[in-house]
Number of protein chains: 2
Amino acid sequence: MRTHDSVSILIFNITRQCFVLVKQFRPAVYMCELERHNPEVFQVKDMNDCCYPRDLLPASVGVTYELCAGIVDNPELSLAETACKEILEECGYNVPVANLRKISSYRSGVGVTGSKQTLFYAEVKDSMKTDIGGGKAEEGELIEVVEIPLEDAFNFSFDENLPKTMGVMFGFMWFQNNVAPLLPQKIKTNKITPIP
Amino acid sequence: MRTHDSVSILIFNITRQCFVLVKQFRPAVYMCELERHNPEVFQVKDMNDCCYPRDLLPASVGVTYELCAGIVDNPELSLAETACKEILEECGYNVPVANLRKISSYRSGVGVTGSKQTLFYAEVKDSMKTDIGGGKAEEGELIEVVEIPLEDAFNFSFDENLPKTMGVMFGFMWFQNNVAPLLPQKIKTNKITPIP
């Protein structure tokens, strides 16, 4: 499978002390759950045996919490500029490139795509919110912007009933280690606690 | 793409205070780098223009550091048992299931496969090493077992010249937060330091 490099952004709203994530319906996740719970759907030999959609799982099982992210498809933009574009399109914040901090890069989907993803940290304020976000409907994106309060981040991260990517878990933990210690004391009291 | 759930294991050798990773040649990563550096290879219209392999990038650009991992393809084994099987096959350690600690699960490759991966932590000792590991040659696996000393883990994790998966970065950071504080003092002095 040929693919593009991508960027991913851990967004923290400093005004309201919350992480900003995107919640998306992912067809691949839905199909994966469908196969787990309704394997007969994939074993139909005669179309008369076909399951109707009403027999299937609710759409909510295909929903995943993810970091804001996007592919690098415009060679005229730097990685950080691409990240800013995605933050605006998906989450509605107009963030200056200077507000971005590169965390690192790594390989995603090594068994399938092998592309390189670069992870940024972006600190945003309510005053930067200029749009509702939600992604580009014309590209088929169905994105909901969700906010996870800092004090809930640890429980959110390890609650397996809330399907998420490892990027979210890594991002929250990186924040705990690298940003939380620098926050004002008032906020630090809410810092994510380690596993008991 | 239909796919299987998978397990992934952060392995720490307590005898020699090092992480145990696998280093693999990943065709998808190689092809991705090839497209980046030799895009002409993918634009050949006439086979007489075809590049010979000697013109291409060295195989090393397709090598990635990863956590030991494997797909869940035997319904008779629990996830932890599957993880133990992979540890033995890939890394050569015979680990009792009781030595495994589940960290969490998450969605991998949400855009392509959407499968669920469960991450375990396994503490191993030199005395558990009963095999050389290296994966199953008959399944085309080309795996090298590598050890990353605890004191090098932070630099390794954020060195972008060493291609790795986010699982490695997440695992090392999780260890720092959850296991390192419980290690004897002698070892704690080597603990991974935060980004300056």
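Under an unreviewed UniProt entry, the name given to chain A is Uridine diphosphate glucose pyrophosphatase NUDT14, and the organism recorded is Geotrypetes seraphini. Reading the Sequence similarities (unreviewed entry) entry of the UniProt record for chain A gives the comment "Belongs to the Nudix hydrolase family." Looking at the Subunit (unreviewed entry) heading of the UniProt record, one finds this comment for chain A: "Homodimer."

Q: Explain the interface of chain A and chain B here, please?
A: The extent of an interface is frequently quoted as the accessible surface area lost upon association of the parts. Opposite the 46 residues of chain A that make contact, chain B presents 46 residues. Counting the surface lost from both chain A and chain B, the interface buries some 4100 Å², and carbon and sulfur atoms represent 59% of this. Among the residues of chain A in contact with chain B, R107, M166 and F170 of chain A are the three that bury the most area, contributing 18% of the side total. Put simply, chain A and chain B have two salt bridges between them. Here K102 of chain B makes a salt bridge to E160 of chain A, at a shortest N to O gap of 3.0 Å.

Q: Is there a simple way to explain the packing of aromatic side chains in this structure?
A: Pairs of aromatic rings are described using the distance from one ring centre to the other and the angle between the two planes. Residue and element names in this part refer to chain A. Tallied over the entire structure, the rule returns 18 aromatic pairs over all chains. Judged by centre distance (4.2 Å) and plane angle (25°), the rings of F19 and F172 are stacked. Of this pair, F19 sits in strand 2 (residues 18–25) while F172 sits in helix 4 (residues 166–178), placing them 153 residues apart in sequence. For the pair formed by F19 and F172, the shared burial category is buried. Considering the side-chain rings of F19 and F175, the 4.8 Å spacing of their centres and the 80° angle between planes classify their relative orientation as edge-to-face. Of the two residues, F19 sits in strand 2 while F175 sits in helix 4, which places them 156 residues apart along the sequence. Take F19 and F175: they sit in the same class, and that class is buried. By the ring-pair criterion, three or more aromatic residues cluster together here, those being F12, F19, Y65, Y121, F156, F172, W174 and F175. Its end group placed over the ring of F156, K164 keeps NZ or CZ at 5.4 Å from the ring centre.

Reading the values: the criteria
Residues numbered from 1 in each chain as written. Chains lettered and ligands numbered in written order. Predicted model: local features only at pLDDT ≥ 70, side-chain atom pairs only at ≥ 80, totals over all residues. Heavy atoms only, no water. UniProt positions renumbered as here; feature names shortened; annotations may be inferred. Contact = heavy atoms within 4.5 Å. Buried area = accessible area lost by both parts, 1.4 Å probe. Salt bridge = Lys/Arg side-chain N within 4 Å of Asp/Glu carboxyl O. Phe/Tyr/Trp six-rings, centres within 6.5 Å; stacked < 30°, edge-to-face > 60°. Helix = DSSP H or I, 4+ residues; strand = E, 2+ residues; numbered from the N terminus. Buried < 20%, exposed > 50% of the residue type's maximum accessible area, 1.4 Å probe, protein only. Lys NZ or Arg CZ within 6 Å of the ring centre and 35° of its normal.

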